[in-house]
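Coordinate inspection notes
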Amino acid sequence: MTTQVTGPPEVEIVEARAERLDDVGSLWRAMHEYHAEVAGEAREVAPFRRAEDSWQRRRGEFERWMRAGDAWLLIAERDGSPGRLRLLPDLRRRLELRDKRADG
């Protein structure tokens, strides 16, 4: 008898354009709902928005940053479905802006 051992499905990290933002909306909403759930007393200080409202605001920011070249999006996909997201700032642009401000 042969036992076949298989590992977890492959995860692929892809760099995505702003057109893929809707693909990760459900991930953002799930993260937001989790944070709202575990926030405890922090909700008394600053109430949480609804998850959909939070996503619409953040999506607009992400899209502006990406189209301006100020950030880029990485999506971890398994079998073509997004499982994680990471929006990263373009540090080179930020350093250039900082240097311009310092000069004057």
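In what follows, the structure referred to is the one given above.
Now for a look at the structure at hand. The residue count restarts for each chain, going from 1 along the sequence in the order it is written. Only residues with pLDDT of 70 or above have their local features reported here, since the model is predicted, and side-chain atom pairs are shown and tallied only from 80 upward, although totals for entire chains, interfaces and linings are computed over all residues. Excluding hydrogens and water, the side-chain values take into account all heavy atoms of the structure.

**As for the environment of Gly60**
- Secondary-structure assignment places Gly60 in helix 3 (residues 51–67).
- Through-space distance from the C-alpha of Gly60 to that of Leu21 is 9.6 Å; in sequence the pair is 39 residues apart. For helices the rule is a DSSP run of H or I covering at least 4 residues; for strands it is a run of E covering at least 2, with both sets numbered from the N terminus onward.

**Focus on helix 1 (residues 25–38)**
- By this rule the span expected of a helix is its residue count minus one, scaled by 1.5 Å. The end-to-end C-alpha separation of helix 1 is 20 Å, in line with the 20 Å expected for 14 residues at 1.5 Å each.
- Taken together, the buried positions of helix 1 are Gly25, Trp28, His32 and Ala36. For helix 1, the angular spread of buried residues about the axis comes to 70 degrees, placing them on one side. Between buried and exposed lies partly exposed: a residue is buried under 20% and exposed over 50% of the maximum accessible area for its type, with that area taken using a 1.4 Å probe on protein chains only. What the arc describes is the spread of directions from the helix axis to the C-beta atoms.

**Section: the environment of Arg43**
- Along the chain, Arg43 falls in helix 2 (residues 42–45).
- When sequence neighbours within four positions are dropped, the list of residues in contact with Arg43 reads Ala36, Glu37 and Phe48. Contacts are residue-level and defined by heavy atoms, with any inter-residue pair within 4.5 Å sufficient.

**A few points about the nonpolar core**
- Counting 13 residues, the largest nonpolar core has Leu21, Trp55, Phe62, Met66, Leu73, Ile75 and Leu87 as the members making the most contacts within it.
- When residues of this core are traced back to their parent elements, those giving at least two are strand 1 (11–16), helix 3 and strand 2 (71–78). Among the buried residues, those of types Ala, Val, Leu, Ile, Met, Phe, Trp, Tyr and Cys that are joined through side-chain atoms within 4.5 Å form a nonpolar core.

**Some points on the layout of surface pockets**
- Buriedness for pockets is judged along seven lines, at least five of which must meet protein on both sides within 12 Å for an open set on the 1 Å grid over protein atoms alone, while cavities are sets there where a 1.4 Å probe fits but cannot get out, and lining residues have an atom within 4 Å of a point. Grid points are joined across faces, edges and corners, and a volume is the space filled by probe spheres set on the points. Approximately 150 Å³ is the volume found for the second largest pocket.
- Lining of the second largest pocket is provided by Trp28, His32, Phe48, Arg49, Ser54, Arg57, Arg58 and Glu61.
- Elements with a contribution of two residues or more to the lining of the second largest pocket: helix 1 and helix 3.
- It is helix 3 that provides the largest number of residues to the lining of the second largest pocket, a total of four residues.
- Tallied by class, the residues present in the lining of the second largest pocket amount to two nonpolar, two polar and four charged. Three residue categories are used. Nonpolar comprises Ala, Val, Leu, Ile, Met, Phe, Trp, Tyr, Cys and Pro, charged comprises Asp, Glu, Lys and Arg, and polar comprises the others, including Gly.

It is worth stressing that arrangement in space is one thing and function is another; only the former is reported here.
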